[in-house]
Amino acid sequence: MKKILLLIITAVFCAGASLHAQERTVSGQVTDAGDGMPIPGVNVVETGTSNGTITDIDGRFTLSVGANATLAFSYIGYVKQDVAVGTRTSINVSLAPDLTQLSEVVVVGYGTQERKEITSAVASISEENFNRGNVTDPGQLIQGKVAGLSIVRPGGDPNAGFSIRLRGLSTFGANTQPLIVLDGVVGASLDNVDPNDIETIDILKDASAAAIYGTRGSSGVILVTTKSGKMGVPTSSLEYNGFVTFDQVANRMQVLNAEQYVANGGTDFGSQTDWFEELTRPAIGHTHNLAMSGSSQNTSYRVSLNYRDNQGVVEGVDNQRINTRLSVNHRALDGKLRLSVNAAFNNRNQNAINNEAFRYATIYNPTAPVFEPEGPSRYGGFFQRDLFDFFNPVALAQQQSFQQERKSLLTSFRADYDILDNLVIAVSYSQDRNTGMNAGYWSKFDPARGFGGGGIANRTAYNNLNELMEATLNWSFEPMDKLDATLLVGGAVQRNHNDEFGVEVRQFLFDDLGFDGLQFGAIREGANTFAFSNRLKDVLNSGFARLNLNYDNTYFFSASARYEEYSGFGPENRGGFFPAASFGVDITQLADLGPFDNLKFRASFGVTGNLPPNPLLGIARFGTGNRIDLDGDPLTRNDIFVEPRQLNDPNPTLQWETKTEYNIGFDYSVFNGRITGSMDYYTRNIDNLLFGVSLPAGAPNPFSADAPNNVAGFAWANIGELQNAGFEFLANVNGLQFGQINWTPSLNFTIYQRTQLKTLQVGDLGFSEIRLSTPGSPGQNNNQIIRNREGENIGNMYGPELAGIDENGLYVFRGADGTLSGDPGSPEDWGVIGNGLPTWEFGFNNTFQYKNWDLNFFIRGTFGHDLYNSYRGFYENRDPASNTWNSVVTSLTNPNIVSTPTFSDFYVEDASFVRFDNASIGYNFNVLNSKVFSRVRAYGAVQNLWTITNYTGVDPEVRYTDTVLEDGFQTGLAPGLERRSTFFTVTQLTFGVNASFK
């Protein structure tokens, strides 16, 4: 028995020793396969056991495992990965994002929703799919990435904003840009956030999704969610992103050189000057972003600092921006109470020039010197001549200066409390304060404007405050078996306070102080002077509700309604009701569709509104009239007053514009999620468009029997109706593998039915057309080339048809009856020769990954739109009267034309284009053993690399507005004109680094 017991003890000991010999300690790091960032909190479990751990803040782990072990790595939002240990002691794992899980939750109005339940047209773009490079505006992040969403900025002005249009034109001018909702703050500005701080952007495209925002949703809604700390796992991190950018002019108009210009009959001043080289420069910009985030079990925070300094390709054009952002989230009362605070401060300073300098750099006499050869002159030493429309471009850029300063502070507070597990109440308050100053100075030596006024300076300042208070109640319940329901009810009060004032004076003894010395302006009344101040307040009260139903994850329904009252309308029409409903069915739950693993049909209907840009349009407004000298004696001053002048007659029936939209669509997924996407067809009808109408002065007011007779002879009315439609398509291909190369392409395109003007009538008032936009001076100020007529498309260009050039180099036009002559005919007989709105657009994005390398490039195209090439329209002909200016030379130039420049279809060009918009390549360094870095990525990027187009102007980009029209209700009705002040386009080359510190 003793021997047997000894043998058993010996066997057990040997087995234990053998088992101990087979156990090993494994360590490593888990990172994101997309961006190489470490992932904290990943579950690392030995398969078949309860033995496991989680990764730390740097994504690192250490675990003792047995022989033949397999480790399972799992984390929410990523594809689970099993790795056999074998004989290894070090294992590094890259987890790929789970595209199915990541797309499950989408931000919608007042909450989130699982994608499978969404029954409206909603698009979502996350950080890994944003455009890269020197992205200075949040809109650039998603430019070309969303079907139906156009984001454009013609030219290369770094201070210019982007025009955003969702599903085409939805108004004359009340609010053409989509509504911005930033972290739940309705009506915020994109200036309040730096692109580096944005995590996701969601776009509510159709009216059923946007109707929850009522009067402000007609042009669509863009929901921006910023980055924040992730609560739950104790972490802290520090990240830096910095890059430097080099800009060079990509395209400009070609002109005759000095010898060719003189040979063509131009005046020879004896020099050879390349005005383009004199005006422009290579520009350099740099950007730095520092972000710190951390979390504990119940609290998370993130704070960031962004600094940008960008130069333009012209001396005197630049901007500097500082953005700071703080986000704090906290859970209390066992998680039932959730508090969040967000604060963002933005400070922007920018300097600009008169963009007409680009025009004169193109057409100014190439034999003229920059400075007078004989020394100082009455124009400050610059070469100038007393000729019409003849200004030295370098002098124009240096003797006129424009400065803009903007500061904004956005703060928001939110509290959510779980009354029950399925009943949540939320209250929020936000303040969005914007202050700023605009200043301009025209030197006393500036012949374009300042010389005649002895120097002119102005300053305008504004202070705007937007306050929003909201409360919601969200109830999730199950009214019957297999039916899940969510009911949202809420109310909101939004108040706007806007103050502004401005002063302009003239006649300065010296130029040194410019707009910083208004007190030195000797003349403060009369021509080239002004003084004004305004204060506006308005209130928008809202109540809203939404019901979402999900039956057996197969049938989905959503209905919402919002009622609003706006103080800016008359008492008869202050309230408005905006309903919406949508339905969806997952067909794959009803039948086997072969390769389709998801096919959801959607149909929706919704009504949205559009507020006017000014809350006083419905009442009788007053402005300044003439100065009145009561006794007529110029020697007495105490009896001189400024009379009030009524600007418009009241209209107590004035109300908001309304848009009714129908949408049908499909969401699809095939081959186990390998290909996903959506398609939508929509039609929309926009009624009660706001526009000004003429009234018979002295006659009774047609809008109210109680109103006095018309005084101003002008009133705002709901007068127009628009109609348009379109088709949108999106396809994403996920995870194509070619050996070790992973390729993820994405394609979207949109087909537009151009917006049609149905009517311009209200009662017995109205008109049959709106004519806008003359080509300009010299000699082409008589005929407005854009005509918006009832029954026709918005933005149609009307003009004569050029049949050819005769043997004498003169125009030959084809008349309405087909006859040929040198007369362009009466404008009343002209026909449609073009339209500035596109008929279809596409975007093609590609992402490649190979080991530590990543490559992304993006191609965008727009087709069907026309542009009036104003450079050709004025400066292409070789007639003697045009010899003051240089001649442009394009592939369409006919050097034999000697007719005086006249607008015709010859100068309206098809501006369709394909543009290599964006490309970047990056390398993720192996920093596994670094004591300082947890991630380092270096990258290079290029923007606007090349453009394929037949357009011969500066930039074939769509012009949604006419920049020379000052009336905001008219600019959107005049697309398609490339004016001569277009900023030259630029190509940008960027080099940067991303680093995360331990």
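All values reported here derive from a predicted model rather than from experimental measurement.

1. As for empty space enclosed by the protein
Argument step 1. Taken as a whole, this structure holds 8 cavities of 30 Å³ or more when the rule is applied.
Argument step 2. Approximately 180 Å³ is the volume attributed to the largest cavity.
Argument step 3. Lining the largest cavity are 19 residues, and of these S120, S208, A209, R546 and S558 lie nearest its centre.
Argument step 4. Secondary structure elements with two or more residues in the lining of the largest cavity: α3 (207-210), β26 (530-551), β27 (555-566) and β28 (575-586).

2. Looking at the confidence of the model for the protein chain
Argument step 1. Averaged over all residues, the pLDDT of the protein chain is 90; the fraction at 70 or higher stands at 96%.
Argument step 2. In the model, residues 1-22 has pLDDT below 50 throughout and makes 2 contacts with residues more than four positions away in sequence or in other chains.

3. Some points on a negative patch on the surface
Argument step 1. Taken together, the side chains of E478, D481, D484 and D552 present a region of like negative charge at the surface.
Argument step 2. The topology assignment puts D484 in strand β25 (residues 483-506).
Argument step 3. Among the residues examined, D484 registers a relative accessible area of 40% and is labelled partly exposed.

4. Observations regarding helix α6 (residues 356-363)
Two residues of an α-helix separated by three or four positions point the same way, owing to the 3.6 residues in each turn.
Argument step 1. Most of α6 sits inside the fold, with 7 of its 8 residues counted as buried.
Argument step 2. Looking only at α6, the buried set comprises A357, F358, R359, Y360, A361, T362 and I363.
Argument step 3. Buried residues along α6 sit in contact with α5 (275-279), α7 (393-399) and α9 (870-875).

5. Brief notes about unusual backbone geometry
Argument step 1. Residue P778 is bonded to the preceding S777 through a cis peptide linkage, with omega at 0 degrees.
Argument step 2. In this structure, K482 is a non-glycine residue whose phi angle is positive, near 75 degrees.
Argument step 3. Within the fold, K482 resides in the loop between β24 (456-480) and β25.
Argument step 4. In this structure K482 comes out as partly exposed when scored by relative accessible area, which is 42%.
Argument step 5. In the Ramachandran plot, Q507 falls in the positive-phi region, its phi being about 70 degrees despite a non-glycine side chain.
Argument step 6. Within the secondary structure, Q507 sits in the loop between β25 and β26.
Argument step 7. A relative accessible area of 39% places Q507 in the partly exposed class.

6. Remarks on the side chain of S558
Argument step 1. Looking at the element boundaries, S558 is found in strand β27.
Argument step 2. Among the polar contacts made by the side chain of S558, one reaches the side chain of N548 at a distance of 2.7 Å.
Argument step 3. In this view, S558 contacts T119, R546, L547, N548, A580, A581 and S582; residues no more than four positions away in its chain are not counted.

7. What about the sheet that holds strand β1 (residues 24-32)?
Each strand in a sheet pairs with another by means of backbone hydrogen bonds, the pair being arranged parallel or else antiparallel.
Argument step 1. One open sheet holds the 3 strands; their spatial order is β4-β1-β7, and the pairing between them is mixed. Single-partner strands in this sheet number two, and they are β4 (60-65) and β7 (93-95). On average, each strand axis in the sheet is inclined to that of its neighbour by 35 degrees, with strand direction left out of account.
Argument step 2. One ladder, built from 3 bridges, connects β1 with β7; its direction is parallel.

8. Regarding the side chain of D667
Argument step 1. Among the structural elements, D667 can be located in strand β32 (residues 657-670).
Argument step 2. At 3.1 Å, the side chain of D667 and the side chain of R602 are in polar contact.
Argument step 3. Leave out the neighbours within four places in its chain, and D667 touches I118, N598, L599, K600, R602, G677 and S678.

9. Observations regarding a nonpolar patch on the surface
Argument step 1. A cluster of nonpolar side chains, contributed by L333, Y417, I419, L420, I425, V427, L473 and V489, occupies part of the molecular surface with about 630 Å² of accessible area.
Argument step 2. Counting only elements with at least two residues in the nonpolar patch, the list comes to β22 (400-420) and β23 (423-442).
Argument step 3. Counting residues per element, the nonpolar patch draws most heavily on β22, at 3 residues.
Argument step 4. As for its position among the elements, I419 is in strand β22.

10. Section: the environment of E841
Argument step 1. Its place among the elements puts E841 in strand β46 (residues 840-850).
Argument step 2. Overall, the relative accessible area of 10% leaves E841 in the buried class.
Argument step 3. Sequence separation between E841 and F749 is 92 residues, and the spatial gap between their C-alpha atoms is 5.5 Å.
Argument step 4. Excluding its chain neighbours within four sequence positions, the residues that come into contact with E841 are S150, N748, F749, T750, Y752, G861, T862 and Y960.
Argument step 5. In terms of polar contacts, E841 uses its side chain to reach the side chain of Y752, at 2.8 Å.

11. Let's talk about the sheet that holds strand β3 (residues 52-54)
Argument step 1. Spatial strand order, β3-β2-β5-β6: 4 strands in an open sheet with antiparallel pairing. Where the open sheet ends on each side, the last strands, each with one partner, are β3 and β6 (81-84). Taken pair by pair, the neighbouring strands of this sheet meet at an average axis angle of 20 degrees, ignoring direction.
Argument step 2. When strand β5 (residues 70-74) meets β6, the two strands line up antiparallel, connected through 4 bridges. Following the sheet pairing, A72 is matched in β6 by D82.

12. Some details on the packing of aromatic side chains
Argument step 1. Under the definition given, this model contains 46 aromatic pairs.
Argument step 2. Relative to Y364, the ring of W275 lies with its centre 5.0 Å away and its plane at 90 degrees, an arrangement referred to as edge-to-face. Pair noted here: W275 is in helix α5 and Y364 is in the loop between α6 and α7, with a separation of 89 residues, a long-range link.
Argument step 3. Look at W275 and you get buried, because its relative accessible area is 2%.
Argument step 4. On the basis of relative accessibility, which here comes to 1%, the residue Y364 falls in the buried class.
Argument step 5. Ring plane angle 50 degrees and centroid distance 6.5 Å describe the contact between Y871 and Y875, whose orientation is recorded as tilted. One end of the pair, Y871, and the other, Y875, are both in helix α9, 4 residues apart, so they sit about a helical turn from each other.
Argument step 6. Residue Y871 is classed as buried on the basis of its relative accessible area, which comes to 0%.
Argument step 7. Among the residues examined, Y875 registers a relative accessible area of 2% and is labelled buried.
Argument step 8. Chaining the aromatic ring pairs together yields one cluster made of F738, W743, F848, F857, F916 and W946.
Argument step 9. Looking at R449, its charged tip hangs above the ring of W442, at a distance of 4.4 Å from the centre.

Definitions and cut-offs
- Residues numbered from 1 in each chain as written.
- Predicted model: local features only at pLDDT ≥ 70, side-chain atom pairs only at ≥ 80, totals over all residues.
- Heavy atoms only, no water.
- 1 Å grid on protein atoms, 1.4 Å probe; cavity = no way out; pocket = protein on both sides within 12 Å on 5 of 7 lines; lining within 4 Å.
- Points joined across faces, edges and corners; volume = space filled by probe spheres on them.
- Helix = DSSP H or I, 4+ residues; strand = E, 2+ residues; numbered from the N terminus.
- pLDDT = per-residue confidence, 0-100.
- Contact = heavy atoms within 4.5 Å.
- Patch = residues over 30% accessible without salt bridge, like charges linked within 9 Å, V, L, I, M, F, W, Y side chains within 5 Å.
- Areas by Shrake-Rupley, 256 points an atom, 1.4 Å probe, with all protein chains shown as cover.
- Salt bridge = Lys/Arg side-chain N within 4 Å of Asp/Glu carboxyl O.
- Lys, Arg positive; Asp, Glu negative; His and termini not counted.
- Charge placed at Lys NZ, Arg CZ, Asp CG, Glu CD.
- Buried < 20%, exposed > 50% of the residue type's maximum accessible area, 1.4 Å probe, protein only.
- Polar contact = N/O pair within 3.5 Å; in protein donor to acceptor, adjacent residues only side chain to side chain.
- Pairing = 2+ DSSP bridges.
- Axes fitted to C-alpha atoms, helices over the stretch in contact; angles between N-to-C directions.
- Phe/Tyr/Trp six-rings, centres within 6.5 Å; stacked < 30°, edge-to-face > 60°.
- Lys NZ or Arg CZ within 6 Å of the ring centre and 35° of its normal.

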